[in-house]
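Survey of secondary and tertiary structure
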Amino acid sequence: MATTKSFLILFFMILATTSSTFATLGEMVTVLSIDGGGIKGIIPGTILEFLEGQLQKMDNNTDARLADYFDVIGGTGTGGLLTAMITTPNAANRPFAAAHELVPFYFNHGPYIFNSSTGQFLGPKYDGKYLMQILQEKFGETRLHQALTEVAISSFDIKTNKPVIFTKSQLANSPELDAKMSDICYSTAAAPTVFPPYYFATNTSNGDQYEFNLVDGAVATVGDPALLSVSVAMKLAEEDPAFASIRSLNYKKMLLLSLGTGTTSEFDKTYTAKEAANWGFVQWMLVIQKMTDAASSYMTDYYLSTAFQALDSQNNYLRVQDNALTGTTTEWDDASVANMELLKQVGENLLKKPVSKDNPETYEEALKRFAKLLSDRKKLRANKASY
């Protein structure tokens, strides 16, 4: 009898310890963020294909998809489009696109989206009609609430002069955000001077019409939406038990993968104060956007890397970015086949580059490490759920 009692006590101690371990390890919150950048979305598309391939190998599951592993996926511009493609369900309630289908999407449709013959002399460079057509064709009537994981897709309302963040978690309080994924994707891509602003309407909880007048989320300085994506995860921590581990800004319990679309910061032209001393409006307008974009991306990475390092969890954050784009690859709308091939090569070459001057680990090695963490965390969460 004593032996039986001892066995039962030991059994429950092991069970409690095991469950506690699963709870601790399984509470890791995972976030994926994808920058804007037009046709340069081919670069993060190539990275996502590599990552999903690694996850499929590790879990021996060819049907494994990125949405199965990330709690929050955020994007703006072309990053918002990629976010929608990997989180919007198809008829089988699986992601609309596998990662290996992302780059072909750009090759198939980029030349028609960025067709300068559709633009206006004194208006937007492109009319956006083909973009809207292909989005409606691909996503149909699917709405935000149907996304397979939490998303954070940014836009900016020029009538209210406020950012609009499309997230599933806000639908209970703001049902008007439950827009069609096609409308959301066009809105986040509607960069001023590039595509026309986009108007559409949804319904409030009272059944009243709610109007949106939207342009690209980068207007709200979220060309790199990593901070936005983290903020959405942190907000979820206030109400969703699955996110409770990061409630106190505990970055040790977060995995963040941030994908850029490339910059020219290493090779871009620079200027001295003497050279710019007599510049007026026109001269500054020719260069200020590139400066702002580069600075915004750099500062977002700086904030996040500092926060993760402060908690000795720098390995939980990975920014994948090529800072040495040259020639046509720097253009966000050059959808020639030759340039798209170059962008694909940039993504493939990036995998072989070191993460930083201080970190000899290549991006390929870092992504494999991330894939292992994502796979382990998914299995631990599944084991926890089985108890």
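What you are looking at is a predicted structure, and each value in this text was computed from that prediction instead of being measured.

Annotation from UniProt places "short sequence motif: GXGXXG" (unreviewed entry) at residues 36-41. This span, residues 36-41, is 0% helix and 0% strand, and a straight line between its end C-alpha atoms measures 7 Å.

Turning our attention to the pattern of salt bridges. A side chain of one charge can pair with a side chain of the opposite charge if their charged atoms are brought near each other. Within this structure, the stated rule accounts for 14 salt bridges. In this structure, the salt-bridge partner of D68 is R94, at a minimum N-O distance of 2.8 Å. Placement of the pair is D68 in the loop between helix 2 (42-58) and strand 2 (72-75) and R94 in the loop between helix 3 (78-87) and helix 4 (102-113), with a sequence separation of 26 residues. Beyond isolated ion pairs, a larger network of salt bridges with shared partners links D63, R65, D68 and R94.

Across the protein chain, the average pLDDT comes to 87, with 89% of residues at 70 or higher. The spread of mean pLDDT over the elements of the protein chain runs between helix 1 (residues 2-26), the lowest at 38, and helix 2, the highest at 98.

All right, on to helix 3 then. Taking burial as the measure, the 10 residues of helix 3 include 10 buried ones, the bulk of the element. Those residues of helix 3 that fall on the buried side of the exposure criterion are T78, G79, G80, L81, L82, T83, A84, M85, I86 and T87.

Right, let's talk about the nonpolar core for a bit. Among the nonpolar cores identified, the biggest contains 76 residues, and F166 and L257 are the most heavily contacted of them. Looking at this core, the element that brings in the most residues is helix 2, giving seven residues. Apart from residues lying up to four places away in sequence, F166 is in contact with L144, V151, A152, I153, S155, L177, A179, I184, F200, F212 and L214. In this structure, V31, F243, L304 and Y317 belong to the second largest nonpolar core, which totals 19 residues.

Parameters and conventions
- Residues numbered from 1 in each chain as written.
- Predicted model: local features only at pLDDT ≥ 70, side-chain atom pairs only at ≥ 80, totals over all residues.
- Heavy atoms only, no water.
- UniProt positions renumbered as here; feature names shortened; annotations may be inferred.
- Helix = DSSP H or I, 4+ residues; strand = E, 2+ residues; numbered from the N terminus.
- Salt bridge = Lys/Arg side-chain N within 4 Å of Asp/Glu carboxyl O.
- pLDDT = per-residue confidence, 0-100.
- Buried < 20%, exposed > 50% of the residue type's maximum accessible area, 1.4 Å probe, protein only.
- Core = buried A, V, L, I, M, F, W, Y, C linked by side-chain atoms within 4.5 Å.
- Contact = heavy atoms within 4.5 Å.

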